[in-house]
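Chains, contacts and geometry: an overview
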Amino acid sequence: MYNMSQLTACLIVTALIVPLAQMHNIEDVAWVSIFGTVGMLLAMVVVVAKLVAIYATSPPAAPTELVATGQGLNSALVGAMDIAFAFGGQINWMRYITTMRQRNKFATAASLTTGFMTCVYLVISVTGYSVFGAGIDVHKPISSVVGQDMWSIVMNAGIFLHCIIAYQVNVNVWCSLLLQLTNPKYAHELAHHHSGSWSKRSVWLGVTLLCISVSALIAYSLPFFSIVMAVIASLGDVMSMFGLPCLFALKLLKLRRVEACACGVLLVLAVGLSGCGIFSSVQQLIEAYMGNR
């Protein structure tokens, strides 16, 4: 509906994310993230409503299939990695749990959020596939293929708000991680105190700008949404969802033999799935890049 250059969009996002990312304490970030959650829930409601409206007024654009055929193994693996990316927020859980006052409730909170989002994703995916069938463009977010109207502005505003807050959380996590590796003292002081000297804050600001620069470089050089998400999921999300928890359990907990065997099998599967996902997504990324030249 409104055309905007990629450079302009990048500058707007940078102007918003730089001040937001200077919130060092994860508890402050958690309060702000409520607005991002509300924005995404609003966008999801609009998407489902638009999909239902389309389904009620016109037949599916293409036939539906119980098992998709003709896409190949690489496309299937990229799709699996995209699903992993949808739950990629789990990589931040280790940062959250360190600030919880009642850490024994972490498992309950994680189970509730994962279960809720699984139901939401299923509703959107089933409704979207019922409307568009096998002809849906899997390389675009579903919000980009439901048509443009005034409700789309509300939907995209909610998604934009959510993405800004999500980037803020990710920058906070990456800043904390990088500083923890390079300067643990600064990392602890900035993460657990609301104030600090300019010299300490400048370190965090520098890491923030580095993260933004890397993100901008990826966005400009590899403009393939679905495949890039699959690469990210293959490199980190699969292992953070399955591999690392199993590894931690094997190393830190006293498990029964059956539990230890189950963790070992799941760890091997996670490593294998991550490797296959990396191979498939990178291969498709190269093909898309070469075809786009």
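Before reading on, note that the structure itself is shown above.
All values reported here derive from a predicted model rather than from experimental measurement.

A look at the overall build of the chain
The helix and strand inventory of the chain stands at 10 helices and 0 strands. When the elements of the chain are put in sequence order from the N terminus, they spell out α-α-α-α-α-α-α-α-α-α. Expressed as a percentage of its 293 residues, the buried residues of the chain come to 30%. Once local pairs closer than 6 in sequence are excluded, the contacts in the chain between residues at least 24 apart make up 83%. Summed over all atoms, the accessible surface of the chain reaches about 17,800 Å², with 71% contributed by carbon and sulfur.

Here we look at the packing of helix α1 (residues 6-20) against helix α6 (residues 150-182)
With their axes 9 Å apart at the nearest point, α1 and α6 run at an angle of 45 degrees to one another. The angle between the axes of α1 and α6 places the two elements in the oblique class. The way α1 lies across α6 gives a crossing that is right-handed. Mapping the contact onto sequence places V13, L16, I17 and L20 in α1 and F160, I164, Y167 and Q168 in α6. In terms of residue class, the contact of α1 with α6 is made up of 7 nonpolar, 1 polar and no charged.

A word on the environment of N25
Along the polypeptide, N25 turns up in the loop between α1 and α2 (26-57). A relative accessible area of 8% places N25 in the buried class. For the pair N25 and S176, spaced 151 residues apart in sequence, the C-alpha separation works out to 9.7 Å.

Re the pattern of salt bridges
Counted under the stated rule, the structure contains 2 salt bridges. Between E259 and R256 there is a salt bridge, with the nearest N and O atoms lying 3.2 Å from each other. Residue class for R256 comes out exposed when judged on its relative accessible area of 61%.

Criteria and thresholds
- Residues numbered from 1 in each chain as written.
- Predicted model: local features only at pLDDT ≥ 70, side-chain atom pairs only at ≥ 80, totals over all residues.
- Heavy atoms only, no water.
- Helix = DSSP H or I, 4+ residues; strand = E, 2+ residues; numbered from the N terminus.
- Buried < 20%, exposed > 50% of the residue type's maximum accessible area, 1.4 Å probe, protein only.
- Contact = heavy atoms within 4.5 Å.
- Areas by Shrake-Rupley, 256 points an atom, 1.4 Å probe, with all protein chains shown as cover.
- Axes fitted to C-alpha atoms, helices over the stretch in contact; angles between N-to-C directions.
- Parallel < 35°, antiparallel > 145°, perpendicular 65-115°, else oblique.
- Left-handed = near helix turned anticlockwise from the far one by under 90°.
- Nonpolar A, V, L, I, M, F, W, Y, C, P; charged D, E, K, R; others polar.
- Salt bridge = Lys/Arg side-chain N within 4 Å of Asp/Glu carboxyl O.

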